[in-house]
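# Close look at the chain arrangement
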Amino acid sequence: MATRFVLSVFVLFITVAFTGCSGQNTGKATVAGGAKQLVTIRVAGDGNTNGAVMIANEIGLFREEGIEIKYTGALKGGATELQTIAQGINDAFVGGHPPALAQAILAGVKVKAVAPGMVDNREFPHVRYLVKEDSPIQSLRDIVGKKVSINGTTSPCSDGYLKLWLKQNNLPVDIEWVQLRNPGQQEQAVKQGLVDMTTSHPPYAGIVLKQGGVRQIATSYDILKNPAAGLSIAGFSEKFIQEHPDIVRGFCRALAKGRLWINAHQKEAAEIVAKKNNLNPDEVSIFWYDEHAAIEPAYIELWFKIAEDLEMWKAGAIEPTDIYTNEFAPGK
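Here goes a summary of the coordinates provided. If you're wondering where the values come from, they're calculated on a predicted model, not measured in any experiment.

### Comments concerning unusual backbone geometry
The phi dihedral of asparagine 170 falls on the positive side, at around 55°, and the residue is not glycine. By secondary structure assignment, the location of asparagine 170 is in the loop between helix H5 (156–168) and strand S9 (176–179). The phi angle at asparagine 278 is positive, at roughly 55°, despite the residue not being glycine. Mapped onto the elements, asparagine 278 comes out in the loop between helix H11 (266–277) and strand S13 (288–289). Judged by its relative accessible area of 74%, asparagine 278 is exposed.

Encoded structure:
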């Protein structure tokens, strides 16, 4: 489950098919004219809400690196992208937050992050907290005992930020969490009064605010005041990294170029997202992306502090450096 948001989206992934790679088939696609063959990297999702990967793919940055992104469909049955990598369905994850990766590694999944994705931003936050226009709720202090919608399973960015804020302000975590998975469903639920507040991600945060009927009482940036609060990460299985370092390096180069392009071309990026999702580009909100070439250690460390404060795992059970490598970052 920012900041000019391009859907978090939290989140989506890759399983390259190569000869000699655990019995997988070689996946290659021939460029028009047969001049070049592309390595196919499988990514979870429908190709509409895959954030920077989707946009970088649309503008041809992966093809420049000899890579073809293949979308394998939406995750089903509560599966996560990390699970699909462990199952050999996909090869990489491209939208999760650091705690999800740490928990997967603790559970025995051998994966590692190699590139950053989105980050939080004061002007374009990762998460917007929205209430109905005539709601008596004026601040996050008023949400105790209320219904709050989240976009699926609990996670650091869906309910975690709010739990952390309540804890830091000595307030009880007394909230009825309502899981609404379908795109735009959360925002409609708050407009209809079915929930008291929603945790809204792009592109739907921008849409509902411009349509009216709701107002914003806070953002994720208000809670943590740090770009790290929105950090998503992308990576592969450790086996894939060991066997195909050049492909990983090319993937990191394409994604780094894509992050910079999105930040510099917000209007064009919004148009791509809108076209993919049959939305009005003037109403779409976009994630803001990390402009560092490599994963910032301080960002990972902040996420670990948040996760341990929320008791997602016991302090010291896993170290920040266990979940990522900057070996393949451009310029390394």
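Further notes follow.
### Overview of the pairing of strand S4 (residues 92–96)
Counting buried residues along S4, five of its five residues qualify, which places the element largely inside the surrounding structure. Where S4 meets strand S12 (residues 233–237), three bridges bridge the pair, whose relative direction is antiparallel. For phenylalanine 93, the partnering residue across the bridge sits in S12 and is glycine 235.

### Description of the packing of helix H1 (residues 51–58) against helix H10 (residues 245–264)
For the pair H1 and H10, the least separation of the axes is 9 Å and the interaxial angle reads 95°. With respect to each other, H1 and H10 are oriented roughly perpendicular. Together, Ala52, Val53, Ile55 and Ala56 of H1 and Phe251, Ala254, Leu255, Gly258, Trp261 and Ile262 of H10 make up the contact between the two elements. Per-class residue counts for the contact of H1 with H10 are nine nonpolar, one polar and no charged.

### Let's talk about H1
Judged by how many residues are buried, H1 sits mostly within the fold: seven of eight residues are covered. When we look at burial in H1, the residues that qualify are Gly51, Ala52, Val53, Met54, Ile55, Ala56 and Asn57. Summarising the contacts, the buried residues of H1 are in contact with helix H2 (61–64), strand S3 (67–71), S4, H10, H11 and S13. Positive phi shows up at glycine 60, right after H1, with a value of about 85°.

### Here we look at the pattern of salt bridges
Here the structure, examined in full by the defined rule, presents nine salt bridges. A single salt-bridge network, built from bridges that share partners, covers Glu64, Glu65, Arg253 and Lys257.

### Quick notes on the sheet that holds strand S5 (residues 111–116)
Paired through their backbone hydrogen bonds, the strands of a sheet run either parallel or antiparallel. Taken in spatial order, the three strands of this open sheet run S4-S12-S5, and their pairing is antiparallel. For this open sheet the edge positions go to S4 and S5, each flanked by a neighbour on one side alone. Taken pair by pair, the neighbouring strands of this sheet meet at an average axis angle of 30°, ignoring direction. This element, helix H4 (residues 98–106), spans S4, S5 and S12 of the sheet and lies at about 165° to S5.

### Observations regarding H10
Taking 1.5 Å of rise per residue, the 20 residues of H10 would be expected to cover 28 Å, and the 29 Å separating its terminal C-alpha atoms lies within 8% of that figure. Taken together, the buried positions of H10 are Ile247, Val248, Gly250, Phe251, Cys252, Ala254, Leu255, Ala256, Gly258, Arg259, Ile262 and Asn263.

### Here's the deal with the packing of aromatic side chains
One pass over the full model with this rule turns up five aromatic pairs. For the ring pair phenylalanine 304 and tryptophan 313, a centre distance of 5.1 Å and an interplane angle of 65° mean the geometry is edge-to-face. Each member of the pair, phenylalanine 304 together with tryptophan 313, is buried. Following the ring pairs from residue to residue traces out a cluster consisting of Phe62, Phe236, Phe240 and Phe251.

About the cut-offs
In every chain, residue numbers begin from 1 and rise along the written sequence. Local features are withheld for residues below a pLDDT of 70 in this predicted model, meaning they are given only at 70 or higher, and side-chain atom pairs are given and counted only at 80 or more; totals for whole chains, interfaces and linings count all residues. Just so you know, side-chain values use all the structure's heavy atoms and leave hydrogens and water out. Note on conventions: DSSP H or I runs of at least 4 residues are helices, E runs of at least 2 residues are strands, and numbering of each starts at the N terminus. Summary of the burial criterion: residues with accessible area below 20% of their type's maximum are buried, those above 50% are exposed, and those between are partly exposed, where the area comes from a 1.4 Å probe applied to protein chains only. Strands are labelled as partners when DSSP assigns at least two bridges between them. Between N-to-C directions, angles span 0 to 180 degrees; the directions come from axes that are lines fitted to C-alpha atoms, helices contributing only their stretch in contact. These descriptions rest on fixed angle ranges, namely under 35 degrees for roughly parallel, over 145 for roughly antiparallel, 65 to 115 for roughly perpendicular, and the rest for oblique. Whether two residues are in contact is decided by their heavy atoms, any of which lying within 4.5 Å being enough. We call Asp, Glu, Lys and Arg charged. Ala, Val, Leu, Ile, Met, Phe, Trp, Tyr, Cys and Pro are nonpolar, and the rest, Gly among them, are polar. Note on definitions: salt bridges are taken to be side-chain nitrogens of Lys or Arg within 4 Å of carboxyl oxygens of Asp or Glu. Here a helix's expected span is defined as the number of its residues, less one, multiplied by 1.5 Å. In this analysis, rings of Phe, Tyr and Trp, with Trp reduced to its six-membered ring, are considered paired at centre separations within 6.5 Å, and the interplanar angle assigns stacked below 30 degrees, edge-to-face beyond 60, and tilted for intermediate values.

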